[in-house]
Amino acid sequence: MNTDSVTLDDIDRGLVHALQIDGRAPLRTLGEALGVSENTVARRYRRLRSAGVLRVVGALNGGRLGYNAWTIRLQCTPDAAGTIARALAARPDTSYVHLLSGGTEISCSAQTRSSDESDALLLHRLPRTGRITAISAHLLLGHSALPDSWAGPARLTPEQTALLSPRPVDNAAADADGEVSLADGDQPLFDVLSRDGRASCAELASATGWSDSTVRRRLTALRRAGVLAFLVDIPPAALGFRAEARLWMSVRPSRLAEVASALAEHPEVSLVAMTTGPTNLLGAVNCRDAQHLARYLTERIASLDAIRSLETAPVIRTVKRAGALLPI
């Protein structure tokens with residue numbers, strides 16, 4: 001997908017921000033927030049989605065179910081990277097797959113439901129080929145920033161966002177209601193939402209065999225429990241951020257939480273997570289260009305003196321984003 005082929009105007013950018021706040025907000029609500037008709041909203045969304053620039057994706061938040069989240073790094077020969085990345089992206093347990101560092105490294109995010117499943121993924125299911133020269137897996141221990149709160153799409157005023165903000169997830173209340181679990185029929189629900197987070201209740205009812213009212217109740221319950229999240233899938237380049245990078249940092253343990261919180265406040269940052277491994281903090285940053293990235297590393301990152309070492313890898317190509325496969 002060539003982001004240069006589509007130009008986003010103020011209404012388009014406002015729509016992206018509105019959908020980041022609530023990916024399933026009704027067209028009427030979106031129109032009220034943006035000051036346009038719901039027909040205009042529908043037309044704009046269809047245009048951007050057809051162009052492959054924007055879509056809403058329904059994603060499973062495995063953390064609410066006790067799943068383990070991993071970031072996996074694979075070093076491979078340049079001739080194999082694309083094939084291996086596509087094989088990883090085709091897996092249902094991966095969400096973000098990127099080619100990094102001149103096409104010789106792959107970064108992949110995955111969720112596993114149990115220690116047995118983690119063992120199976122890391123020891124048996126990852127691609128096995130002599131063209132992979134190194135594999136490392138890092139368990140994510142906690143997030144300070146996630147892509148759904150990235151400041152890059154922000155355009156709307158507080159008054160506009162107030163019209164859109166869905167009921168917040170109350171983890172304490174969800175825990176008090178008992179253990180969160182998936183029900184029969186949830187898998188086909190997630191399957192449809194992973195392709196189109198704005199699929200109609202009629203489409204979801206057809207996929208699950210439930211009534212429209214049951215679909216609505218289940219969507220509400222899953223969202224309030226924090227198990228279902230709706231993410232805006234848009235290439236940062238479409239918003240003017242053409243230099244993406246992954247950062248692996250080694251931070252003094254006594255100040256790890258402090259540094260993670262500081263990074264989460266940076267507008268360039270879309271992900272901050274503590275990890276296991278030789279480095280203990282992972283970051284994803286989105287900058288306007290290479291010069292912006294250089295300033296970010298030498299000014300913003302350099303000012304955090306608890307960071308003892310830093311490895312930077314530019315994103316060359318994204319194969320899977322927000323759990324959705326991207327066109328080659």
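Procedures and definitions
- Residues numbered from 1 in each chain as written.
- Predicted model: local features only at pLDDT ≥ 70, side-chain atom pairs only at ≥ 80, totals over all residues.
- Heavy atoms only, no water.
- Helix = DSSP H or I, 4+ residues; strand = E, 2+ residues; numbered from the N terminus.
- Rg over C-alpha atoms; globule rule 2.2 N^0.38 Å.
- Buried < 20%, exposed > 50% of the residue type's maximum accessible area, 1.4 Å probe, protein only.
- Contact = heavy atoms within 4.5 Å.
- Arc of directions from axis to C-beta.
- Salt bridge = Lys/Arg side-chain N within 4 Å of Asp/Glu carboxyl O.
- Polar contact = N/O pair within 3.5 Å; in protein donor to acceptor, adjacent residues only side chain to side chain.
- Axes fitted to C-alpha atoms, helices over the stretch in contact; angles between N-to-C directions.
- Parallel < 35°, antiparallel > 145°, perpendicular 65-115°, else oblique.
- Left-handed = near helix turned anticlockwise from the far one by under 90°.
- Nonpolar A, V, L, I, M, F, W, Y, C, P; charged D, E, K, R; others polar.
- pLDDT = per-residue confidence, 0-100.
- Core = buried A, V, L, I, M, F, W, Y, C linked by side-chain atoms within 4.5 Å.
- Pairing = 2+ DSSP bridges.

Remarks on the overall build of the protein
Here comes step 1: The helix and strand tally for the protein stands at 12 helices and 11 strands.
Here comes step 2: Whereas a compact globule of 328 residues would reach a radius of gyration of roughly 20 Å, the protein reaches 20 Å, a difference of no more than 12%.
Here comes step 3: For the C-alpha atoms alone, the extent of the protein along its principal axes is close to 50 × 45 × 40 Å.
Here comes step 4: When the 328 residues of the protein are sorted by exposure, 48% land in the buried category.
Here comes step 5: Long-range contacts, defined here as pairs at least 24 residues apart, represent 77% of the contacts in the protein between residues at least 6 apart.

A closer look at helix α11 (residues 256-264)
Here comes step 1: Every buried residue of α11 is listed here: L256, V259, A260 and L263. Along the long axis of α11, the arc covered by the buried residues comes to 100 degrees, so they all point the same way.
Here comes step 2: Check the buried side of α11 and you find it contacts β5 (132-145), β7 (243-251), β8 (269-275), β9 (281-287), α12 (290-301) and β10 (307-321).

A short note on the environment of H292
Here comes step 1: In this fold, H292 is placed in helix α12.
Here comes step 2: The exposure class assigned to H292 is buried, which follows from its relative accessible area of 13%.
Here comes step 3: Distance from H292 to E268, taken between C-alpha atoms, is 9.7 Å for residues 24 residues apart in sequence.

Comments concerning the pattern of salt bridges
When charged atoms on two side chains of opposite charge get close, those side chains can pair.
Here comes step 1: Applying the stated rule across the entire model yields 18 salt bridges.
Here comes step 2: Counted as one network, the salt bridges with shared partners bring together D9, D12, R44 and R47.

Topic: the side chain of E268
Here comes step 1: On the secondary structure map, E268 appears in the loop between α11 and β8.
Here comes step 2: Among the polar contacts listed, one links the side chain of E268 to the side chain of H292, at a separation of 3.2 Å.
Here comes step 3: Residues in contact with E268, not counting those within four places in the same chain, are W150, A284, V285, N286, C287, H292, Y296 and R300.

Details of unusual backbone geometry
Here comes step 1: Of note, the phi angle at S101 is positive, near 50 degrees, even though the residue is not glycine.
Here comes step 2: Here S101 shows up in the loop between β3 (94-100) and β4 (105-112).

Some details on the packing of helix α8 (residues 186-195) against helix α9 (residues 201-208)
Here comes step 1: The N-to-C vectors of α8 and α9 enclose an angle of 140 degrees; their axes lie 8 Å apart at closest approach. Regarding the angle of α8 to α9, the classification is oblique. The handedness of the crossing between α8 and α9 is right-handed. Residues P188, L189, V192 and L193 of α8 pack against L204, A207 and T208 of α9.

Structural notes on the packing of α8 against helix α10 (residues 212-224)
Here comes step 1: Direction vectors running N to C along α8 and α10 enclose 80 degrees, while the axes themselves pass 12 Å from each other. One finds that α8 runs roughly perpendicular with respect to α10. Residues D186, L189, F190 and L193 of α8 form the contact with α10, whose own contacting residues are R218, L219 and L222.
Here comes step 2: When grouped by side-chain class, the residues that make up the contact of α8 with α10 number 5 nonpolar, no polar and 2 charged.

Focus on the confidence of the model for the protein
Here comes step 1: Here the protein averages 90 in pLDDT, and 91% of its residues register 70 or above.
Here comes step 2: The weakest mean pLDDT in the protein belongs to helix α7 (residues 171-176) at 46; the strongest belongs to β9 at 98.
Here comes step 3: Note on residues 172-178: pLDDT is under 50 here. Beyond four places in sequence and across chains, it has 3 contacts.

Comments concerning the nonpolar core
Here comes step 1: In terms of nonpolar packing, the biggest core is built from 40 residues, with L8, L30, L204 and I234 touching the most fellow members.
Here comes step 2: Excluding residues that lie within four positions of it along the chain, L30 makes contacts with L15, A18, L19, A25, V41, L164 and R198.
Here comes step 3: Ranked by size, the runner-up nonpolar core spans 21 residues in total, among them V259, L263, V269 and I307.

Things to note about the pairing of β9
Here comes step 1: Burial within β9 is extensive, with 7 of its 7 residues counted as buried.
Here comes step 2: The alternating pattern of β9 places L281, G283, V285 and C287 on one face and L282, A284 and N286 on the opposite face, and all of these are buried.
Here comes step 3: Note that β7 and β9 share 7 bridges and pair antiparallel. Counted as the bridge partner of M249 is L281 from β9.
Here comes step 4: With 5 bridges joining them, β8 and β9 adopt antiparallel strand pairing. Its bridge partner being in β9, L271 is matched across the sheet by A284.

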